[in-house]
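A closer look at the structure
Spelled out from the first residue to the last, the chains are:
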Amino acid sequence: MVVPEVAVTTVDEGFWTRARKTGAILLGLGVLAAALFGALATDRQARFTLSETEGGAALAIHGTTGAILFGVIAAAAGAALLAGVPKRWFTVLLGVGLVAFVVSFLCWQVSGAPDGRNFMPLVNVVRGTFLLALPLIFGALAGVLCERSGVVNVAIEGQLLMGAFSGALFGSLSGNVWVGLVAAAIGGAFISLLLAVFAIRYLVDQVVMGIVLNLLAVGVTGFLYERLMQRDATKYNSAPRFSNWEIPLLKDIPLIGPALFRGNIFLYLGLLLVLVIHIALFRTRWGLRTRSVGEHPTAADTLGVKVLRLRYRNVIMAGLVAGVGGASYTLALYSFTKNMIGGKGFIALAALIFGRWSPTGALLAALFFGFADQLATYLGAIGSSIPSQFLAMLPYLATILAVAGLVGKVRAPAADGKPYVKG
């Protein structure tokens with residue numbers, strides 16, 4: 001078979017490449033941090049403890065000095081990018097600059113906290129970051145499975161919500177946490193099945209269908225919540241919870257051990273799924289077929305791949321994953337409440353884009369957003385002078401900045417969102 005040549009147009013970015021634009025922004029942030037945070041920080045120490053309390057080993061940094069020093073480091077990283085370093089250094093310098101900016105900010109906030117609260121327990125921060133990132137991890141993985149197959153999954157919010165509701169309801173009725181987990185997976189798969197049927201079989205616009213399914217999930221769960229759970233919470237909304245599982249030896253690793261190896265099943269399952277889906281997507285025949293269907297379904301069909309069957313299977317599999325993510329709320333942390341997902345499905349969609357449609361990339365993006373959420377909680381606990389309304393905006397602000405500014409130009413799978421009709 002002769003492959004036709006495709007003309008490729010190279011766009012000359014000129015001086016202001018993506019790296020230089022990012023460097024200019026980072027340089028400005030660094031100067032702002034050194035000047036503003038340095039001026040607002042106090043002469044007290046900002047203590048970053050390696051435990052869950054104020055005691056134990058800690059890294060103590062002079063508030064003003066730390067704010068200025070790390071601001072300068074962020075500015076230096078930005079200046080290096082602006083000067084035009086090799087592309088292989090882009091990610092490293094960007095990471096160093098962002099971390100330095102955050103530490104400069106924390107030196108200001110922690111040093112200015114009231115007596116007895118001028119410390120940050122890093123174990124709690126790391127644990128909280130993973131805990132808050134869990135639904136995002138499951139939701140982003142659901143997006144990877146769908147969109148790598150060529151189906152846009154805007155219905156992640158509805159899949160998470162239906163999973164949370166089903167887990168709470170059937171876990172309560174049965175008194176068995178495993179029944180609740182299976183029901184949650186089925187609940188998420190139900191929303192995915194509707195997405196698959198209407199998007200693949202009836203060729204309905206996939207973005208519109210996803211929004212409709214989100215509204216359907218909000219309406220159905222809200223109605224049943226008022227009719228059942230609100231009237232008799234003991235019977236319908238008191239599901240048992242998964243307890244934490246401690247892994248011997250690993251749990252004693254400083255900082256990481258208490259945060260990662262004393263978690264519940266959802267933490268371990270989420271990290272395991274990232275590994276499994278990554279290997280399956282890039283190292284197996286199923287993964288090759290999935291990526292080919294998401295890039296060029298006609299060519300895949302020509303080679304014998306059942307395009308529609310594979311899309312159905314992967315979309316429903318995505319619903320199972322997202323449903324389990326929803327259960328991480330009601331079978332580990334909270335009782336069910338109306339619309340309790342609160343937009344996390346859309347942040348998971350942003351994590352999918354930020355992670356460039358890769359399971360490992362989605363994991364890192366979810367942790368980034370989880371840290372922003374945890375940081376808002378921590379700053380509220382120490383009585384930060386920053387308005388609480390702004391703190392509540394932090395995760396969503398981080399989402400906008402990440403997708404709009406940090407990702408740069410990304411390319412979705414070529415057939416993503418395009419219905420396939422077999423000729």
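My aim in this report is to walk through the structure given alongside it, one point at a time. Keep in mind the model is a prediction, meaning the values are calculated, not measured.

Right, let's talk about the packing of helix α5 (residues 156–174) against helix α6 (residues 177–201) for a bit. Running from N to C, α5 and α6 point in directions that differ by 145°, and their axes come no closer than 7 Å. Crossing of α5 over α6 shows right-handed handedness. Where α5 approaches α6, its residues G158, Q159, M162, G163, S166, G167, F170, G171 and S174 are matched on the opposing element by V179, G180, A183, A184, G187, G188, I191, S192 and L195. Taken together, the residues that form the contact of α5 with α6 break down as seven nonpolar, eleven polar and no charged.

Right, let's get into the pairing of strand β1 (residues 45–49). Here β1 pairs with strand β2 (residues 58–62) via five bridges, running antiparallel. Its bridge partner being in β2, A46 is matched across the sheet by I61.

This next bit is on unusual backbone geometry. Even without a glycine there, the phi angle at L203 is positive, about 60°. Unusually for a residue other than glycine, R356 sits at a positive phi of about 55°. Its relative accessible area of 39% is what places R356 among the partly exposed residues.

Moving on to the packing of aromatic side chains. Overall, the coordinates contain 13 aromatic pairs when judged by the stated rule. Pairing F37 with W108 gives two aromatic rings, centres 5.3 Å apart and planes at 20°, and the pair type is stacked. Here F37 is found in helix α1 (residues 18–40), whereas its partner W108 is found in helix α3 (residues 90–111), with 71 residues between them in sequence. F37 gets classed as buried once you look at its relative accessible area, which sits at 6%. Given the relative accessible area of 15%, W108 is considered buried. Considering the side-chain rings of W178 and F242, the 5.0 Å spacing of their centres and the 85° angle between planes classify their relative orientation as edge-to-face.

Criteria and thresholds
Residues numbered from 1 in each chain as written. Predicted model: local features only at pLDDT ≥ 70, side-chain atom pairs only at ≥ 80, totals over all residues. Heavy atoms only, no water. Axes fitted to C-alpha atoms, helices over the stretch in contact; angles between N-to-C directions. Helix = DSSP H or I, 4+ residues; strand = E, 2+ residues; numbered from the N terminus. Left-handed = near helix turned anticlockwise from the far one by under 90°. Contact = heavy atoms within 4.5 Å. Nonpolar A, V, L, I, M, F, W, Y, C, P; charged D, E, K, R; others polar. Pairing = 2+ DSSP bridges. Buried < 20%, exposed > 50% of the residue type's maximum accessible area, 1.4 Å probe, protein only. Phe/Tyr/Trp six-rings, centres within 6.5 Å; stacked < 30°, edge-to-face > 60°.

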